[in-house]
Amino acid sequence: YSATNTALFTQLDSILPHGHQLSVGLRVENRSTKYSDSAGDTFDPSETMWGGHIALSKAINSQHSAYVRVARGYKAGGFNMGLPEQLSQFKEFDTETLLNYEVGVKSNMLENAFTSRLAVFYMDRKDQQVNASQQNPDKPQQFTIYTANATSSNSYGLELEMNYQVTNNLSIDSTLGYLKAEYDDYAYMDKYGSSIDISGRELAHAPNYTFSLGATYRHDSGIVANINWTGKDEFYFSDSHGEKAASSNLLNAKIAYELNDWSISLWARNITDEKVATRGFYFGNEPDLGWAAKKYVRYGAPRQVGVTLAYDF
């Protein structure tokens, strides 16, 4: 296996009249790969891709500024090794492209004590690369995992960040995100070769909302205390089945003492010991159930408590 990437990138930032700033960037990349193995798989794709952005921002006044940005990104195509004959049409997958449109406002108020950033976006993805899998109908415990292309998908949403310096010692920060991400047109094959159409369904691992809320207190003596609450909505585990992870919340906290370059902290993560599903699978794996498909879930870490001693140099 060998791969060669050659790229050229240029960016021009300009200060324009009336408080405007303009940024334009362009990247052109050529990727050539060669692969061969003893099983007879041979690939040698070569492609030239391009991406870039154009952004215009303006200072509305001393407290607020706004921007609009259009960007194009890409992800190189590739190949899947060792696929069985029934999946031979998926041996190679195409380059994915993304167009992102974004409008945002940045604010700095209350004599710099309160800052915020709001961004609204729309993303249009073409030939989206997705993780796909197929179970062997004759050997239910065997799976083939590969990369394929969905036809297209679109996503829109917003991101909000806020930070409030309540006093010289106490600060509060929060984030809020909303996302609606759906396939325009996508169908995959099940283990029997039938087409399963999930057009219009939400993308995997794309919760509708995410949030965080935290507070940090720093005393002049070097004592630091922090508490943080995060959460997210339910989401599909995978495109290859319809199982979902439930919505979840996590609570973390830390108390520390800092002295010059030294610090010691007592911390706790997932204080309420929530069982948060991070990955989920749906397949037949138990012979006493007749290889009937069922959900299997991988959970995140349980409650953890620890002490950290750190030295910065």
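Everything quoted here is computed from the prediction, not taken from an experiment.

Q: Just give me the short version of the overall build of the protein chain, but keep the residues and values in it.
A: The number of helices and strands found in the protein chain is zero helices and 24 strands. Compactness check: the protein chain gives a C-alpha radius of gyration of 25 Å against a globular reference of 20 Å for 313 residues, more than 25% above the reference. For the protein chain, the spread of C-alpha atoms along the principal axes amounts to about 65 × 60 × 40 Å. By residue count, 30% of the 313 residues in the protein chain fall in the buried class. Carbon together with sulfur atoms contributes 54% to the accessible area of the protein chain, which is approximately 18900 Å² in total. Each charge class in the protein chain can be summarised by its mean position, and for the 27 positive and 36 negative side chains these summaries are 2 Å apart.

Q: An account of the side chain of Ser174 is needed here, citing residue identities and associated values.
A: By the element assignment, Ser174 lies in strand S13 (residues 170–185). Apart from the residues lying within four places of it in its own chain, the contact partners of Ser174 are Leu160, Glu161, Met162, Ser212 and Leu213.

Q: For a negative patch on the surface, give the residues involved together with the corresponding values.
A: A surface patch of like charges, here negative, comprises Asp44, Glu92, Asp94 and Asp127. Following the sequence through the fold, Glu92 ends up in strand S7 (residues 92–93).

Q: How would you sum up the nonpolar core? Please name residues and give values.
A: Core analysis: the biggest nonpolar cluster contains 14 residues, and Val130, Tyr146, Tyr183 and Tyr186 have the highest contact counts within it. Those elements that place two or more of their residues in this core are strand S10 (129–135), strand S11 (143–149) and S13. Dropping the residues within four chain positions of it, Tyr146 is found in contact with Asn80, Leu83, Leu87, Phe90, Val130, Asn131, Ala132, Ser133 and Gln134.

Q: So what's going on with the pattern of salt bridges? Residues and values would help.
A: With the rule as written, the count across this model stands at twelve salt bridges. One salt bridge in this structure joins Glu159 and Arg117, with 3.4 Å as the shortest N-O distance. Of this pair, Glu159 sits in strand S12 (residues 152–165) while Arg117 is found in strand S9 (residues 114–126), placing the two residues 42 residues apart along the sequence. We note a salt bridge from Glu234 to Lys244, for which the minimum N-O separation is 3.3 Å. Of the two residues, Glu234 is situated in the loop between strand S17 (223–232) and strand S18 (235–236) and Lys244 in strand S19 (residues 244–245); the sequence distance between them amounts to ten residues. Residue Glu234 is classed as partly exposed on the basis of its relative accessible area, which comes to 36%. The exposure class assigned to Lys244 is partly exposed, which follows from its relative accessible area of 30%.

Q: Just give me the short version of a nonpolar patch on the surface, but keep the residues and values in it.
A: Taken together, the side chains of Ile223, Ile255, Tyr257, Leu259, Trp262, Ile264, Leu266, Val305, Val307, Leu309, Tyr311 and Phe313 present a nonpolar region at the surface, about 1300 Å² in accessible area. Counting only elements with at least two residues in the nonpolar patch, the list comes to strand S20 (248–259), strand S21 (262–269) and strand S24 (304–311). For the nonpolar patch, the element with the highest residue contribution is S24, accounting for four residues. Structurally, Trp262 is set in strand S21.

Q: Any chance you could break down unusual backbone geometry for me, citing the residues and the numbers?
A: Although it is not a glycine, Asn112 sits at a positive phi angle of roughly 70°. Along the chain, Asn112 falls in the loop between strand S8 (96–109) and S9. Of note in the backbone geometry, Asn270 takes a positive phi value of approximately 55° without being a glycine. Along the polypeptide, Asn270 turns up in the loop between S21 and strand S22 (277–284).

Q: Quick one: what's the story with the packing of aromatic side chains, residue by residue and with numbers?
A: Applying the stated criterion across every chain, the model contains 14 aromatic pairs. Plain terms: the ring middles of Tyr209 and Phe211 are 6.4 Å apart, the flat faces sit at 25° to each other, and that makes the pair stacked. Here the aromatic cluster, defined as three or more aromatic residues joined through ring pairs, consists of Tyr1, Tyr35, Phe43 and Phe79. The ring of Tyr236 carries the charged tip of Arg201 above its face, separated from the ring centre by 3.8 Å.

Q: Quick one: what's the story with the pairing of S8, residue by residue and with numbers?
A: As judged from the twelve bridges shared by strand S5 (residues 64–75) and S8, these two strands associate in the antiparallel manner. Looking at S8, one finds that Arg69 is bridged to Glu102. As paired elements, S8 and S9 share 13 bridges and run antiparallel to each other. Within the sheet, the bridge partner assigned to Asn108 lies in S9 and is Thr115. What sits between S8 and S9 in their antiparallel hairpin is a turn of four residues, with Leu110 showing a positive phi close to 55°.

Q: Tell me what's going on with the side chain of Ser23, and back it up with residues and numbers.
A: Structurally, Ser23 can be placed in strand S2 (residues 20–36). Engagement of the side chain of Ser23 in a polar contact is seen with the side chain of His53, the distance being 2.9 Å. What Ser23 contacts, discounting residues up to four positions off in sequence, is Gln11, Leu12, Asp13, His53, Ile54 and Ala55.

Criteria and thresholds
- Residues numbered from 1 in each chain as written.
- Predicted model: local features only at pLDDT ≥ 70, side-chain atom pairs only at ≥ 80, totals over all residues.
- Heavy atoms only, no water.
- Helix = DSSP H or I, 4+ residues; strand = E, 2+ residues; numbered from the N terminus.
- Rg over C-alpha atoms; globule rule 2.2 N^0.38 Å.
- Buried < 20%, exposed > 50% of the residue type's maximum accessible area, 1.4 Å probe, protein only.
- Areas by Shrake-Rupley, 256 points an atom, 1.4 Å probe, with all protein chains shown as cover.
- Lys, Arg positive; Asp, Glu negative; His and termini not counted.
- Charge placed at Lys NZ, Arg CZ, Asp CG, Glu CD.
- Contact = heavy atoms within 4.5 Å.
- Patch = residues over 30% accessible without salt bridge, like charges linked within 9 Å, V, L, I, M, F, W, Y side chains within 5 Å.
- Salt bridge = Lys/Arg side-chain N within 4 Å of Asp/Glu carboxyl O.
- Core = buried A, V, L, I, M, F, W, Y, C linked by side-chain atoms within 4.5 Å.
- Phe/Tyr/Trp six-rings, centres within 6.5 Å; stacked < 30°, edge-to-face > 60°.
- Lys NZ or Arg CZ within 6 Å of the ring centre and 35° of its normal.
- Pairing = 2+ DSSP bridges.
- Polar contact = N/O pair within 3.5 Å; in protein donor to acceptor, adjacent residues only side chain to side chain.

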